[in-house]
Amino acid sequence: MKSYSELYLVSQRQLCPKEIFNPYRSTFAVGNYDINVLMVAVQSKGYDMLWFNKTRNLKCLVLENIEGFILNIPCGNIIMKLISQGKHWITIRKIGNVYYSLDSNNKAPVEIGNDDELLVHLCEQLNNNHTELFLIVTPDVDKNKSWFRQLPPEEEWGNPLTKPLDPKKKKSETACESEDSSDTTQNGCNLI
């Protein structure tokens, strides 16, 4: 992905030239960029960024054809809500056989785990109605829709994951925790 200064240049020069007020980044220039800036940055690296309809079952994702994920989550911290318009971007990437949360609020990547643990993690995040999920794929995968697996009609919508959460496993630690994280049944995502 691009560095902070490169994203600034995308937002300022490509998307909003000759404007004093830039609607594509945080007013306080803390790096919280609009989705359009991220899409241009992802495309400049040769990938496509796709919005995922979170009412679909996550098991429709063909994980081996997806390069990474970007989550847009609400911030629970009141100061961050004011500074960054209440949202925070988190990247998830598979390195070897393990998925990691690459969150700028953490000092180091946070391990999520294997494919099944990734789906549980995404389901937890999508329980909040204000969270959005984006897929990072190659243009060929996008064109062929090979990131998507058709499920039987009775399984297509909602996320009744069969693997229950391990109550001893701690959630990923971020400075932008969801305010509604106690509700585990929104969006048909039954985790308990």
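Looking at an unreviewed UniProt entry, one finds the chain named ubiquitinyl hydrolase 1, with Octopus vulgaris as its source organism. For the record of the chain, the UniProt heading Catalytic activity (unreviewed entry) holds the text "Thiol-dependent hydrolysis of ester, thioester, amide, peptide and isopeptide bonds formed by the C-terminal Gly of ubiquitin (a 76-residue protein attached to proteins as an intracellular targeting signal)."

**Student:** So what exactly am I meant to see when it comes to helix 2 (residues 35-44) here?
**Tutor:** Because the α-helix completes a turn every 3.6 residues, residues three or four places apart line up on one side. Among the residues of helix 2, V37, L38, A41 and V42 are the ones counted as buried. What you see down the axis of helix 2 is that its buried residues fit within an arc of 130 degrees, all on one side. With its phi angle positive at about 90 degrees, G46 sits one or two positions after the end of helix 2.

**Student:** In this structure, what is going on with the pattern of salt bridges? I would like to understand it.
**Tutor:** Side-chain pairing between opposite charges can occur once the charged atoms of the two side chains come close. What the rule picks out here adds up to four salt bridges. K54 is the partner of E132 in a salt bridge, and the nearest nitrogen-oxygen pair spans 3.9 Å. Placement of E132 in strand 6 (residues 132-137) and of K54 in the loop between strand 1 (48-52) and strand 2 (68-74) is noted, with a sequence separation of 78 residues between them. In this structure E132 comes out as partly exposed when scored by relative accessible area, which is 22%. A salt bridge links E156 to R56; its shortest N-O distance comes to 2.8 Å. Remark: R56 occurs in the loop between strand 1 and strand 2 and E156 occurs in the segment after helix 5 (139-144); sequence separation between them is 100 residues. Each member of the pair E156 and R56 is classed as buried.

**Student:** What am I meant to see in the nonpolar core here?
**Tutor:** Most often, soluble globular proteins keep nonpolar side chains buried together rather than apart. L58, L61, F69, L133, L135 and W147 are the most contacted members of the largest nonpolar core, which totals 25 residues. Discounting residues that sit within four places of it in the chain, L133 has contacts with L50, W51, F52, L58, F69, I70, L71, L122 and L126. Residues V42, M49, W89 and F134 belong to the second largest nonpolar core, which totals seven residues.

Procedures and definitions
- Residues numbered from 1 in each chain as written.
- Predicted model: local features only at pLDDT ≥ 70, side-chain atom pairs only at ≥ 80, totals over all residues.
- Heavy atoms only, no water.
- UniProt positions renumbered as here; feature names shortened; annotations may be inferred.
- Buried < 20%, exposed > 50% of the residue type's maximum accessible area, 1.4 Å probe, protein only.
- Helix = DSSP H or I, 4+ residues; strand = E, 2+ residues; numbered from the N terminus.
- Arc of directions from axis to C-beta.
- Salt bridge = Lys/Arg side-chain N within 4 Å of Asp/Glu carboxyl O.
- Core = buried A, V, L, I, M, F, W, Y, C linked by side-chain atoms within 4.5 Å.
- Contact = heavy atoms within 4.5 Å.

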